[in-house]
Amino acid sequence: METLLPKATQKRQVTAILLLFLLWEAGGATIKYSVLEERDSGSVVANLAEDLGLGLGELAARGARILSKGNKQHLQLEQKTGNLLLKEKLDREELCGDTDPCILPFQLLLKNPVQFIQGELQLQDVNDNAPDFLENEILLKISESSQPGTAFPLKIAQDLDVGSNTVQNYTISTNFHFHLFTRNHSNGRKYPELVLDKELDHEEQPELRLTLTALDGGSPPKSGTSQVLIMVLDINDNIPEFVQQFYKVQVPENRPIGSLVITVSARDLDAGTYGELSYSFFQSSNQVIQAFEVNTVTGDIRLKKMLDFEEIQSYDMEIEASDGGGLTGKCTVVIEVTDVNDNAPELTMSLLISDIPENTPDTVVAVFGISDPDAGDNGKMLCSIQDHLPFLLKRTVENFYTLITEGALDREERAEYNITITVSDLGTPRRHTQHNLTVRVADVNDNAPAFSQPAYTLRVRENNSPALHIGTVRATDADAGANAQLTYSLLPPSDPHLPLASLVAINPDTGQLFALRALDYEALRAFDFQVRAADRGAPALSSQARVRVLVADANDHAPVVLYPPQNASAPCPELLPRAAEPGYLLAKVVAVDGDAGQNAWLSYRLLQATEPGLFGVGAHSGEVRTARPLSERDAPRQRLLLLVRDHGEPPLSASVALHVLLVDGFSQPYLPPPEAPGRAPGAGADEPLTVSLVGALACVSALLVGALLALGAGRLCRRGGAASAGGGSGPAEGGVAGQLLDVGGTGTLAHGYRYEVCLAGGTGTSEFKFLKPVVPSFQSHSSGPEIEETPNVKKDFGFSMQ
């Protein structure tokens, strides 16, 4: 059952805890604990969590740590329970020597937020050392003339314990001549003094042997013994006397071994053996005997080992001068060790965080302590770091510093800092200690990817092979690690009709773009899309760039000749009057090329001709003109082979044959029979048939033209006027010639409607046939209805125009 405290008591406790925390915040409070030495490792000293009023989980949450001076850690914190434990068995005599009380300072560091709490552990002495005499036998020479009541100081015993556990009392074995007093020395130590009760007689008893016992104040007490050998001497009238009863000297700690510290001097007025003096240490500690030596003859005191101010600052000793008769005199010598700046400052790192996230101001980087075992100005220290660094040193408690960031760091500006912490003392000469830290700025995903250029223009020649690498987009990210690893992707096109997924693919790791299929310039000359680059940070950042792909034309289309047509079953000649002048436009070759640019630039050339010098062709226009006047010797039928060539690489070409028929006007082609100058038998009988046939065809043509005019085809009607005079002679001949001439005045036949004239030989009879109108397929001058009505005409007249 719990016992409830009065409200007033509870209020006082809460107030005390609040005051304690306020003192800690101000850095003025110290928590103090005490523990006996020689306790086992892991022993509980106290519960820090309870003493500080913190919850069990709060110590762990705030990253609590125990820090001790120097690199030796005596305590450890069990964060789960809040217990302060001994890290090892502690020996008070080893840690503090003669110093009492033995205080071991420590600090409690709370990292988050940073807070220091000072602490002290007092190591209490246990009686684990017995008194010990440095000599197993003490020699004491006493003259037989000594009077009762004379006191003779004896050498003391050493006890490493302190307080009540050190030597508290001396006793002497039972005898008839002496009793023992325990005296207090000026330095606080107790020493034995032997007092003469009964006169000695050399002749009766030349020596006595007694047992001296030293007792400490432990429970139970420990003891140590030494034998006292007393030699009874004959009469020696004068005792040695020192020039000074008290000597004091200062010796720097860096004095070399063997150096003279001081010389003590004594006199004895006796002569002979009784006047000869010998010097020695009397009642001196083990520390004195280890550090100094005295010359028994001269009284010179010299160093046996190097002194260390940080270990022992002062030595007190007594020097005894003995004459040959056993009489002694004593003096006190105090040797003060002066400090020299022989120790550089020490830096002990308690907490180091090497990776600091960027964009986080006032972040703790390190917590460390500094120390210098020297004294005075030699032990005063200054701590600093380099200038122009975004870091600050803050002194938290005595000789403890915190290194924090000054503002937010930017990894992209600087990713690593090399910091040198310099600790200097104020001694002469000054000593320095430097500690180097490397602080890395951890990356935060605060930079979006950036493309090398906002827009890319790629050129691809058509008819490429699938999976062709057409270009690369590149982006960079100023961040590091996963925050700088980029993934590329294609964004959906703005044009929903553009099949981007079937045209282009991108490598998500490298940004390489590939054409998925062969591109066709004639179908798609250019297209645009957006590329996205995203990093792999959290959250991911991205940016976009525009890519324009231009399809370059390849010379993959040969020229196509539209006129003259080449698909007729029988060649269709061009009619050329023999009276034509040079430069007469016979025909215009029309060709097209599906390519673009120079791949579609066409040039024309005459490859072959029946009469090579009769015709010429325009290299760029394709116009076929007469190059000279015609003569009777020119063949009535001419064949021209023309070459149409583009300017691609390699160039492509097409050839076209042009047939020319020479006529003496337009009534009848100039077709001399093959058997001229003579006629074949029966030729005269064929002439009436030919004339009748030509007349019949002329009539049919006239009827056809009238029917077409009646159907309302205006343009075809106008061209039909030329067809109405196709056959016949005499007056009609001039009319036909006028209508077949180009109205532009160039002297060429009209291309809109021409007759195909075919020559039939072998019978000696010339046939002039009306075959069909020639309508160029590349630019039709006839409308749809006009072309569709032609079959109806054929039905009305009962014959077909072929």
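Just so it is clear, the structure is predicted and the values come from calculations on it, not from any experiment.

A short note on the overall build of the chain
Next, step 1: For the chain, the count of helices and strands is eleven helices and 51 strands.
Next, step 2: Counting only residues that meet the buried cut, the chain has 41% of its 802 residues in that class.
Next, step 3: Contacts in the chain between residues at least 24 apart in sequence constitute 67% of all its contacts with a sequence separation of at least 6.
Next, step 4: Just so you have it, the chain exposes about 41600 Å², and 52% of that area is on carbon and sulfur atoms.

A few points about the side chain of glutamate 253
Next, step 1: Here glutamate 253 is to be found in the loop between β18 (246-252) and β19 (260-263).
Next, step 2: Here glutamate 253 sits buried without a salt bridge, and the closest side chain of opposite charge, arginine 431, lies 8.7 Å off (N-O distance).
Next, step 3: A polar atom in the side chain of glutamate 253 sits 2.8 Å from the backbone nitrogen of phenylalanine 309.
Next, step 4: Not counting residues within four places of it along the chain, the set of residues in contact with glutamate 253 comprises Met306, Leu307, Asp308, Phe309, Glu310, Val337, Thr338, Asp339, Val340, Asp342 and Asp374.

Some thoughts on the pairing of strand β28 (residues 364-371)
Next, step 1: Extensive coverage of β28 is indicated by the burial of eight of its eight residues.
Next, step 2: In the sheet, β28 pairs with strand β31 (residues 400-405) via five bridges, with the strands oriented antiparallel. Following the sheet pairing, phenylalanine 368 is matched in β31 by tyrosine 401.

Some remarks on the sheet that holds strand β2 (residues 44-47)
Next, step 1: Taken in spatial order, the three strands line up as β2-β5-β4 in an open sheet, and their pairing is antiparallel. Of all strands in the sheet, those with a lone pairing partner are β2 and β4 (75-78), marking the two edges. Averaged over neighbouring strand pairs, the angle between their axes works out to 25° when direction is ignored.
Next, step 2: In this structure, β4 lies alongside strand β5 (residues 83-86), joined through four bridges in antiparallel fashion. Pairing of leucine 77 across the sheet is with leucine 84, part of β5.

Remarks on the sheet that holds strand β27 (residues 355-357)
Next, step 1: Taken together, the four strands give an open sheet; going across it, the order is β27-β33-β32-β29, and neighbouring strands pair in mixed fashion. Sheet topology places β27 and β29 (381-384) at the edges, where each strand pairs with a single neighbour. Between one strand axis and the next, the sheet turns through 25° on average, direction left out of account.
Next, step 2: Bridging between β29 and strand β32 (residues 416-425) involves four bridges; their strand directions are antiparallel. By the bridge assignment, leucine 382 is partnered in β32 with serine 424.

Things to note about the pattern of salt bridges
Next, step 1: One pass over the structure, following the stated rule, counts 19 salt bridges.
Next, step 2: Between lysine 89 and aspartate 40 there is a salt bridge; the shortest N-O distance is 3.9 Å. Linking lysine 89 in the loop between β5 and α4 (92-96) with aspartate 40 in the loop between β1 (30-36) and β2, this pair joins segments that are 49 residues apart in sequence.
Next, step 3: Lysine 89 sits in the partly exposed class, given a relative accessible area of 47%.
Next, step 4: Through salt bridges with shared partners, one network takes in Arg92, Glu93 and Asp125.

Focus on the pairing of strand β14 (residues 190-196)
Next, step 1: With six of its seven residues buried, β14 lies for the most part within the structure.
Next, step 2: Note that strand β10 (residues 151-153) and β14 share three bridges and pair antiparallel. The residue bridging phenylalanine 152 from the neighbouring strand is leucine 194, located in β14.
Next, step 3: With seven bridges connecting them, strand β13 (residues 178-184) and β14 associate as antiparallel partners. What sits directly across from phenylalanine 181, in β14, is glutamate 193.

Remarks on the confidence of the model for the chain
Next, step 1: Residues with a pLDDT of 70 or more make up 79% of the chain, whose mean pLDDT is 79.
Next, step 2: Under a pLDDT of 50 for its full length, residues 1-27 has, in the predicted model, 15 contacts with residues more than four places off or in other chains.
Next, step 3: Note that residues 667-689 has pLDDT below 50 and, in this model, 24 contacts with residues that lie over four places away or in other chains.

Observations concerning unusual backbone geometry
Next, step 1: That bond from aspartate 100 to proline 101 is cis: its omega, 5°, falls within 30 degrees of zero.
Next, step 2: For proline 101, the location among the structural elements is in the loop between α4 and β6 (102-110).
Next, step 3: At aspartate 362, a position not held by glycine, the phi torsion is positive, near 55°.
Next, step 4: Within the secondary structure, aspartate 362 is located in the loop between β27 and β28.
Next, step 5: Since its relative accessible area comes to 57%, aspartate 362 is described here as exposed.
Next, step 6: Phi is positive for alanine 467, which is not a glycine, with a value near 65°.
Next, step 7: On the secondary structure map, alanine 467 appears in the loop between β35 (455-461) and β36 (468-472).
Next, step 8: Judged by its relative accessible area of 53%, alanine 467 is exposed.

Thoughts on the packing of aromatic side chains
Next, step 1: Inspection of every chain in the model, using the stated rule, returns nine aromatic pairs.
Next, step 2: Look at phenylalanine 292 and tyrosine 315: their rings are 5.0 Å apart centre to centre, the planes differ by 85°, and that puts the pair in the edge-to-face class. With a gap of 23 residues between them, phenylalanine 292 in strand β22 (residues 292-294) and tyrosine 315 in strand β24 (residues 314-322) connect regions that are remote in the sequence. Considered together, phenylalanine 292 and tyrosine 315 belong to a single accessibility category, that of buried residues.
Next, step 3: Pairing phenylalanine 527 with phenylalanine 529 gives two aromatic rings, centres 6.1 Å apart and planes at 25°, and the pair type is stacked.
Next, step 4: Given a relative accessible area of 3%, phenylalanine 529 falls into the buried group.
Next, step 5: Taken together, the aromatic side chains of Phe451, Tyr456 and Tyr488 make up a single cluster linked through ring pairs.

Focus: the environment of asparagine 169
Next, step 1: On the secondary structure map, asparagine 169 appears in strand β12 (residues 167-172).
Next, step 2: Sequence-wise, asparagine 169 and arginine 183 are 14 residues apart; in three dimensions their C-alpha atoms are separated by 8.8 Å.
Next, step 3: Apart from residues lying up to four places away in sequence, asparagine 169 is in contact with Thr182, Thr213, Ala214 and Leu215.
Next, step 4: In terms of polar contacts, asparagine 169 uses its side chain to reach the side chain of threonine 182, at 2.9 Å.

Focus: a negative patch on the surface
Next, step 1: A contiguous patch of negative charge, built from Asp201, Glu203, Glu204 and Asp234, is present on the exposed surface.
Next, step 2: You can see glutamate 204 is positioned in the loop between β14 and β15 (207-216).
Next, step 3: Exposure remark for glutamate 204: the relative accessible area of 66% places this residue in the exposed category.

Some words on the environment of phenylalanine 400
Next, step 1: The topology assignment puts phenylalanine 400 in strand β31.
Next, step 2: Of the residues examined, phenylalanine 400 reaches a relative accessible area of 7% and is grouped as buried.
Next, step 3: Remark: the alpha-carbon pair of phenylalanine 400 and phenylalanine 368, spanning 32 residues in sequence, is separated by 5.8 Å.

Here's the deal with the environment of serine 145
Next, step 1: Position of serine 145 among the secondary structure elements: in the loop between β9 (137-143) and β10.
Next, step 2: A residue is classified by how much of its surface remains accessible, and serine 145, at 35% relative accessible area, is partly exposed.
Next, step 3: For serine 145 and isoleucine 235, which are 90 residues apart along the polypeptide, the C-alpha to C-alpha distance reads 5.9 Å.
Next, step 4: Of note is the side chain of serine 145, whose polar atom sits 2.9 Å from the side chain of serine 143.

Reading guide: rules and limits
- Residues numbered from 1 in each chain as written.
- Predicted model: local features only at pLDDT ≥ 70, side-chain atom pairs only at ≥ 80, totals over all residues.
- Heavy atoms only, no water.
- Helix = DSSP H or I, 4+ residues; strand = E, 2+ residues; numbered from the N terminus.
- Buried < 20%, exposed > 50% of the residue type's maximum accessible area, 1.4 Å probe, protein only.
- Contact = heavy atoms within 4.5 Å.
- Areas by Shrake-Rupley, 256 points an atom, 1.4 Å probe, with all protein chains shown as cover.
- Lys, Arg positive; Asp, Glu negative; His and termini not counted.
- Salt bridge = Lys/Arg side-chain N within 4 Å of Asp/Glu carboxyl O.
- Polar contact = N/O pair within 3.5 Å; in protein donor to acceptor, adjacent residues only side chain to side chain.
- Pairing = 2+ DSSP bridges.
- Axes fitted to C-alpha atoms, helices over the stretch in contact; angles between N-to-C directions.
- pLDDT = per-residue confidence, 0-100.
- Phe/Tyr/Trp six-rings, centres within 6.5 Å; stacked < 30°, edge-to-face > 60°.
- Patch = residues over 30% accessible without salt bridge, like charges linked within 9 Å, V, L, I, M, F, W, Y side chains within 5 Å.
- Charge placed at Lys NZ, Arg CZ, Asp CG, Glu CD.

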